[in-house]
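Take a look at the letters that make up each chain.
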Amino acid sequence: MANSDLVFALAGVGALLAAVLPRVLRRRPFSLPLACLVGGALLYLLPLDLPAPDPVAHRALVEHATEICVIISLMGAGLAINRPFGWRRWGSTWRLLAWTMPLSVAAVALVLHGLLDWPWAAALLLGAVLSPTDPVLASDVQVGEPVDSEKADDEVRFTLTSEAGLNDGLAFPFVYAAIALALAGGGAGWVGEWVLVDVLYKGAVGAAGGLAAGTLLGRLFFRAKVSDLRLAEHRDGFVALAATFLAYGVTELAGGYGFIAVFVTACTIRAAERTHGYNGVLHGFIEQIERLLTAWLILLLGGFVATGGLSALTWQGAAAGLALLLVVRPLTGWLAGLRGRAGPREGGVIAFFGIRGIGSLYYLAYALGHADFGVPAEELWAVVAFTVLVSLVLHGVTATPVMARLDRLRERAAGGDEEEAAAQHL
């Protein structure tokens with residue numbers, strides 16, 4: 001059997017897994033990404049003539065494949081959020097973005113520099129790469145289908161979804177800081193341009209581009225005067241891909257952050273007609289594409305691990321990854337949630353589920369194409385892949401039971417409140 005024929009056959013198997021496994025595993029402590037990870041590892045342990053999943057040799061391919069997966073996931077996350085935008089309504093999200101994310105970047109950079117004696121540019125890069133939570137692998141702890149009620153999203157699912165939707169774009173300034181530091185050889189002359197361009201200009205263009213694209217597309221979908229252009233009446237789900245690529249491409253051409261633009265576009269389209277059934281059509285299509293791409297990429301990640309991709313991992317690198325998942329994220333997430341909208345129990349769940357995934361792989365591939373960080377690429381990939389691997393296992397096993405218990409406790413508390421209100425009425 002030709003190698004290409006085998007690849008096509010396995011791609012079909014991956015697509016079937018993406019369709020079947022979410023339903024089979026719905027009530028089990030075993031997520032789709034974790035199943036694909038195990039399946040990919042087993043495939044590459046078999047004596048098959050499969051292409052080597054080497055991110056160093058195929059850096060550009062990894063960059064673009066993960067890039068597409070992330071922007072599609074960002075569109076899905078934005079379309080699913082039922083809660084209207086607002087500073088108070090999104091208070092838990094702003095706390096995580098303002099405190100948890102930069103503190104995570106700094107903590108991971110300090111740990112890597114201290115344990116491995118890496119150059120500051122490499123340590124900062126890994127801090128930036130591993131700081132954003134992932135919108136791709138977090139479906140078990142995120143909001144589900146779009147619904148009519150603005151109050152349908154509980155605080156945990158809403159916060160984790162909106163955080164993942166925004167911090168994938170907000171990680172870019174930290175990645176650019178690491179690139180600038182590496183290119184400058186440790187000097188500080190890059191800081192002024194970084195603040196003006198990479199933080200202020202690109203961030204503003206990303207938000208403005210997303211708002212403009214979402215506003216125009218929302219009007220086209222729902223309010224176009226010509227019925228043939230009112231796409232909501234024709235219910236074509238693939239239009240979600242058009243909105244994703246259009247918002248991303250135009251914003252990137254203007255020099256802004258396309259990740260931010262895609263999420264803002266999705267939220268703006270949803271806000272144009274919040275209760276319209278077309279939102280569900282768009283979200284359903286984009287969710288299927290996301291699930292398919294995720295299955296393929298995680299199969300390859302499993303193959304990377306099975307073929308010795310972690311051979312360059314040191315105990316110090318592993319310790320840094322574990323510290324992020326078990327200490328840094330939970331602690332900084334808990335601190336950010338103090339006196340916030342979420343209660344103590346919900347705040348603890350939000351702090352724990354800082355899932356790392358496809359976004360981290362994208363950022364590392366992107367950065368390695370722009371600078372040399374003074375550390376072998378194999379070692380950088382090993383640390384990131386190990387962290388994503390542990391996150392997949394840890395969060396994949398715990399997400400279903402933890403969220404199910406949280407839902408039961410919430411329903412029990414709501415039932416008690418209703419009984420108390422009825423007693424007072426009598």
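A. Inspection of helix α5 (residues 120-130) at higher detail. Of all 11 residues in α5, 10 are buried; the element is thus mostly enclosed. Taken together, the buried positions of α5 are Ala121, Ala122, Ala123, Leu124, Leu125, Leu126, Gly127, Ala128, Val129 and Leu130.

B. The arrangement of the pattern of salt bridges in detail. Inspection of every chain in the model, using the stated rule, returns 9 salt bridges. For Lys202, the salt bridge identified is with Asp198, shortest N-O distance 3.3 Å. With Lys202 and Asp198 both in helix α8 (residues 191-223) and 4 residues apart, the pair spans about one turn of that helix. Measuring nitrogen to oxygen at the nearest pair gives 2.6 Å for the salt bridge that ties Arg230 to Glu233. With relative accessibility at 18%, the residue Arg230 sits in the buried group.

C. Focus on helix α11 (residues 278-306). Helix length check: α11 (29 residues) gives 42 Å between terminal C-alpha atoms against 42 Å at 1.5 Å per residue, within 8%. A positive backbone phi angle near 95 degrees is found at Gly308, which sits one or two residues after α11.

D. Quick peek at a positive patch on the surface. A surface patch of like charges, here positive, comprises Arg345, Arg405, Arg408 and Arg412. The dominant element in the positive patch, judged by the number of residues it contributes, is helix α15 (residues 377-425), at 3 residues. Mapped onto the secondary structure, Arg408 falls in helix α15.

E. The nonpolar core, seen in detail. Among the nonpolar cores identified, the biggest contains 92 residues, and Trp118, Leu125, Leu126, Phe259 and Phe373 are the most heavily contacted of them. In contact with Phe259, not counting residues within four places along its chain, are Val70, Ile71, Leu74, Asp168, Gly169, Phe172, Tyr248, Tyr362 and Tyr363. Leu96, Val141, Val156 and Ala399 belong to the second largest nonpolar core, which has 13 residues in total.

F. Main features of the packing of aromatic side chains. Counted under the stated rule, the structure contains 25 aromatic pairs. Centroid distance Phe85 to Trp87: 6.1 Å. Interplanar angle 65 degrees. Geometry classified as edge-to-face. Taken as a pair, Phe85 and Trp87 share a single burial class, namely exposed. Ring plane angle 85 degrees and centroid distance 4.9 Å describe the contact between Phe172 and Tyr363, whose orientation is recorded as edge-to-face. In this pair, Phe172 is assigned in helix α7 (residues 172-184) and Tyr363 in helix α14 (residues 358-368), connecting sequence segments 191 residues apart. What makes Phe172 buried here is its relative accessible area of 4%. Among the aromatic residues, those joined into a ring-pair cluster are Phe172, Tyr176, Tyr248, Tyr257, Phe259, Tyr362, Tyr363 and Tyr366. Sitting above the plane of the Phe158 ring, Arg83 keeps its charged end 4.0 Å from the centroid. Lying over the aromatic face of Tyr176, Lys202 brings its terminal NZ or CZ to 4.1 Å of the ring centre.

G. Summary view of unusual backbone geometry. In this model, Asp117 sits at a positive phi of 55 degrees, which is unusual for a non-glycine residue. Note on placement: Asp117 falls in the loop between α4 (91-116) and α5. For Asp117, a relative accessible area of 61% translates into the label exposed.

H. Examining the state of the cysteines more closely. Within this structure, the stated rule accounts for 0 disulfides. Cys36 supplies the cysteine sulfur nearest to Cys69, a cysteine that is in no disulfide, at a spacing of 11 Å. Residue classification places Cys69 among the buried positions, given a relative accessible area of 0%.

I. Main features of the environment of Gly249. The residue Gly249 is located in helix α9 (residues 239-253) in this model. Gly249 sits 71 residues away from Ala178 along the chain, and the two C-alpha atoms are 24 Å apart.

J. Geometry of the side chain of Ser92. If you trace the backbone, Ser92 turns up in helix α4. Ser92 sits in the buried class, given a relative accessible area of 8%. A polar side-chain atom of Ser92 sits 2.8 Å from a polar atom in the side chain of Glu155.

K. Local environment of the side chain of Thr268. Within the secondary structure layout, Thr268 lies in helix α10 (residues 258-272). For Thr268, a relative accessible area of 14% puts it in the buried group. Engagement of the side chain of Thr268 in a polar contact is seen with the backbone oxygen of Val264, the distance being 2.7 Å. Every residue in contact with Thr268, bar those within four places of it in the chain, is listed here: Gly210, Leu211, Gly214 and Thr215.

Calculation notes
Residues numbered from 1 in each chain as written. Predicted model: local features only at pLDDT ≥ 70, side-chain atom pairs only at ≥ 80, totals over all residues. Heavy atoms only, no water. Buried < 20%, exposed > 50% of the residue type's maximum accessible area, 1.4 Å probe, protein only. Helix = DSSP H or I, 4+ residues; strand = E, 2+ residues; numbered from the N terminus. Salt bridge = Lys/Arg side-chain N within 4 Å of Asp/Glu carboxyl O. Expected span 1.5 Å × (residues − 1). Patch = residues over 30% accessible without salt bridge, like charges linked within 9 Å, V, L, I, M, F, W, Y side chains within 5 Å. Areas by Shrake-Rupley, 256 points an atom, 1.4 Å probe, with all protein chains shown as cover. Lys, Arg positive; Asp, Glu negative; His and termini not counted. Charge placed at Lys NZ, Arg CZ, Asp CG, Glu CD. Core = buried A, V, L, I, M, F, W, Y, C linked by side-chain atoms within 4.5 Å. Contact = heavy atoms within 4.5 Å. Phe/Tyr/Trp six-rings, centres within 6.5 Å; stacked < 30°, edge-to-face > 60°. Lys NZ or Arg CZ within 6 Å of the ring centre and 35° of its normal. Disulfide = S-S within 2.5 Å. Polar contact = N/O pair within 3.5 Å; in protein donor to acceptor, adjacent residues only side chain to side chain.

These values are about where atoms sit, not about what they do.
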